[in-house]
Amino acid sequence: MTTAEAERSFSTLKRIKTASRATMGQDRLNALTCITIHKDTIGSINNFINRVIDHFALQKDRRMDLLYKYVHEIALRGHDESTESYNRGVFLDLITRDAKNDPLLANHLETATVARYTSKETQNELLNCMYNIYLEELKSDITNTKFVSVQADEATDAGKRTQFVIILRFLKEGKLVERFLEFVEVSDRTADGLATTLTEALEKLDVKEKLIAQTYDGAAVMSGRLSGVQRRSLDSHMCERAINTFQDAVSSIRMEISSYLPEEQHQAKRRRDDRSENKLAAIEACDIIANQITDRFSQHNAVISFNLLNVDNFPTFVNSFPTNLISEAVTYYPILHKPKLTTELEVLYSNNTFTQCESMIELYRLICTSELGTTFVEVTKFLEIALTTPMTTAEAERSFSTLKRIKTASRATMGQDRLNALTCITIHKDTIGSINNFINRVIDHFALQKDRRMDLLYK
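The model shown is predicted, which means the values in this text are computed figures rather than measured ones. (Residues numbered from 1 in each chain as written. Predicted model: local features only at pLDDT ≥ 70, side-chain atom pairs only at ≥ 80, totals over all residues. Heavy atoms only, no water.)

(A) Here's a closer look at the overall build of the protein chain. Scanning the protein chain from N- to C-terminus turns up 21 helices and four strands. Counting across all 459 residues of the protein chain, residues that qualify as buried make up 35%. At a minimum sequence separation of 6, the contacts of the protein chain that also span at least 24 residues come to 63%. Surface summary for the protein chain: the accessible area is close to 29,900 Å², and the carbon and sulfur share equals 52%. (Helix = DSSP H or I, 4+ residues; strand = E, 2+ residues; numbered from the N terminus. Buried < 20%, exposed > 50% of the residue type's maximum accessible area, 1.4 Å probe, protein only. Contact = heavy atoms within 4.5 Å. Areas by Shrake-Rupley, 256 points an atom, 1.4 Å probe, with all protein chains shown as cover.)

Next comes the structure, spelled out in structure tokens:
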């Protein structure tokens, strides 16, 4: 006498047709909903798989005889992991499938009463082992690079907890890479609290001496290959004009708000109306912004000095050498040697081979592949600084997109260790796949974590 089943169908609908899959078609939605709700019914249909394959083959001419499917960003654990359940989770279902082709594994699952290593604790331990191997490779890469920059941002997850993400950017074998480090759950969202969290995370990697840039917020207008700041040439006067214009706009807004306030305040016993309170708050906000503008944009010349390496400017610099930009670069980066940098840039600007490059990264790769690093020592160093410096926090935003897909409303109680491991595996599949002997290293790490009842190491 109720519509409970209909309500359960709507719950399933919310889990299947999420914001990231809002364009899903009705046929696909109905099929996925049916499979999700009626796993037991479908599982009891005789010869179901073969009938599906036959139906698929007869729909139209097929170029492939076999149907492949894969699991991507799906929860490893199921709602009910008992033997009779039809929703045991991806982890147990994959093990059961592999056991059909592996007699040794099948025998273990049938006869082992303890140490079956299929529990949720084992899953978490294996995920942590994978994440730890990834961190070992990350530390090795950082050891072999000269400069590192950090991107940080924060967002709220499905469990209403504040997640602080940390991304590292550096050069590896002539290529720019951005690596996810971790999500940190923070309770103190003040500047001091977030700074402490970031410092503690970076201390584990010992990057203090290599850290040359930090980025804490981004804007879509700053990125882009064709029209963004990374592509455009920055001009010192243009930046100063933009800052001054912004300051004038804030001051104008403040004065306009002030003009709306009455000259004489009401008597103390009378309560101020909400509009006056809001206006006073707006004035205070304008004052804070005006005071912070100078500090926030005080180092814009450091980025402007990267124009020395903008290949589009090389023809201009041949006739008008940018002495002022070199002074700015050396001021903000004392590790650069000014006389050597000046000499090397003069040679660089006058050589047609370098002027044909289309970007900084192409120029850097040309110098590296031509083994000219010992000739252009200061230019190479400056290029590495410029390339390592991020202009946006786009990678941090992509991490939050992954966070939303992994830590959904139905998995809101997920722990931080599991969250970091799953995020790492999701974002850096290619990196993990390229780690030498990864599977064996994970097994060794798992075996050595603590005393195991089964001998997992063979000597």
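Alright, that's what it looks like, and here's the rest.
(B) Structural detail: the sheet that holds strand S2 (residues 162-172). Pairing is mixed across the open sheet formed by four strands, whose spatial order is S3-S2-S1-S4. Only two strands of the sheet have a single neighbouring strand rather than two, namely strand S3 (175-185) and strand S4 (211-215). Between one strand axis and the next, the sheet turns through 20° on average, direction left out of account. Two elements, strand S1 (residues 148-156) and S2, share eight bridges in a ladder whose sense is antiparallel. In the sheet register, Ser 149 faces S2, and the bridge partner there is Arg 169. Sheet contacts for helix H8 (residues 191-203): S1, S2, S3 and S4; angle to S2, the most-contacted strand, approximately 45°. Contacting S2 and S3, helix H19 (residues 416-427) runs over the sheet at an angle of about 160° to S3. (Pairing = 2+ DSSP bridges. Axes fitted to C-alpha atoms, helices over the stretch in contact; angles between N-to-C directions.)

(C) Quick peek at the environment of Glu 178. Summarising the element assignment, Glu 178 is placed in strand S3. A sequence separation of 217 residues divides Glu 178 from Glu 395, and the C-alpha atoms of the two residues are 7.3 Å apart. Aside from chain neighbours lying at most four places away, what touches Glu 178 is Gln 151, Ile 167, Leu 168, Arg 169, Glu 395, Arg 398 and His 428. A distance of 2.8 Å separates polar atoms of two side chains, one belonging to Glu 178 and the other to Gln 151. A distance of 2.8 Å separates a polar atom in the side chain of Glu 178 from a polar atom in the side chain of Arg 169. (Polar contact = N/O pair within 3.5 Å; in protein donor to acceptor, adjacent residues only side chain to side chain.)

(D) View of helix H14 (residues 338-350). Across its 13 residues, H14 extends 19 Å between first and last C-alpha, which sits within 8% of the 18 Å expected from 1.5 Å per residue. When we look at burial in H14, the residues that qualify are Leu 341, Glu 344, Leu 345, Leu 348 and Tyr 349. Summarising the axial view, the buried residues of H14 lie within an arc of 135°, below the 170-degree limit, and thus occupy one face. Projecting away from the buried face of H14 at angles above 90 degrees are the exposed residues Pro 339 and Ser 350. The secondary structure elements touched by the buried residues of H14 are helix H12 (314-319), helix H13 (323-332), helix H15 (352-355), helix H16 (360-369) and helix H17 (377-388). (Expected span 1.5 Å × (residues − 1). Arc of directions from axis to C-beta.)

(E) View of unusual backbone geometry. At Lys 160, a position not held by glycine, the phi torsion is positive, near 65°. The class for Lys 160 is exposed, based on a relative accessible area of 71%. Even without being glycine, Asn 437 reaches a positive phi, approximately 55°. In this fold, Asn 437 is placed in the loop between helix H20 (429-433) and helix H21 (438-449).

(F) How the structure looks around the packing of H14 against H17. Two elements in contact, H14 and H17, have axes whose closest approach is 7 Å; the angle formed by their N-to-C orientations is 90°. With respect to H17, the axis of H14 lies roughly perpendicular. Residues Lys 340, Leu 341, Glu 344, Leu 345 and Leu 348 of H14 touch H17, and the partners they reach there are Val 377, Glu 378 and Val 379. Within the contact of H14 with H17, the residues separate by chemical class into five nonpolar, no polar and three charged. (Parallel < 35°, antiparallel > 145°, perpendicular 65-115°, else oblique. Nonpolar A, V, L, I, M, F, W, Y, C, P; charged D, E, K, R; others polar.)

(G) Broad picture of the environment of Tyr 364. In this structure, Tyr 364 sits in helix H16. Dropping the residues within four chain positions of it, Tyr 364 is found in contact with Leu 171, Gly 174, Thr 380, Leu 383, Glu 384 and Leu 387.

(H) Spotlight on the nonpolar core. Judged by nonpolar contacts, the single largest core of 44 residues is most densely connected at Tyr 134, Leu 138, Ile 142, Phe 164, Ile 166 and Leu 168. Within the residue set of this core, elements represented by two or more residues are helix H7 (120-143), S1, S2, S3, H8, helix H18 (394-406), H19 and H21. The element that contributes the greatest number of residues to this core is H7, accounting for eight residues. Those residues in contact with Tyr 134, other than ones at most four positions away along the chain, are Arg 179, Phe 180, Cys 424, His 428, Thr 431, Ile 432 and Ile 435. Formed by 32 residues, the second largest nonpolar core is a distinct cluster that contains Phe 147, Leu 308, Leu 345 and Cys 357. (Core = buried A, V, L, I, M, F, W, Y, C linked by side-chain atoms within 4.5 Å.)

(I) Highlighting the pattern of salt bridges. On inspection of all chains with the given rule, the structure shows eleven salt bridges. Here Lys 172 and Asp 141 are joined by a salt bridge, their closest N and O atoms 3.3 Å apart. Placement of the pair is Lys 172 in strand S2 and Asp 141 in helix H7, with a sequence separation of 31 residues. Here the residues in one salt-bridge network are Glu 136, Glu 137 and Arg 441, joined through shared partners. (Salt bridge = Lys/Arg side-chain N within 4 Å of Asp/Glu carboxyl O.)

(J) Spatial organisation of the packing of aromatic side chains. Applying the stated criterion to the full structure yields ten aromatic pairs. A ring pair is formed by Tyr 333 and Phe 382, whose centres lie 6.3 Å apart and whose planes are at 55°; its orientation type is tilted. Of this pair, Tyr 333 sits in the loop between H13 and H14 while Phe 382 sits in helix H17; the two residues are 49 residues apart in sequence, bridging distant segments of the chain. In terms of burial, Tyr 333 and Phe 382 fall into one category: buried. Grouped by ring-pair contacts, the aromatic residues Phe 314, Phe 317, Phe 321 and Tyr 349 constitute a single cluster. (Phe/Tyr/Trp six-rings, centres within 6.5 Å; stacked < 30°, edge-to-face > 60°.)

(K) Local environment of the confidence of the model for the protein chain. Per-residue confidence for the protein chain gives a mean pLDDT of 78; residues scoring 70 or more make up 78%. Low pLDDT (under 50) marks residues 218-237, which in the prediction has 31 contacts with non-local residues, meaning those over four places away or in another chain. (pLDDT = per-residue confidence, 0-100.)

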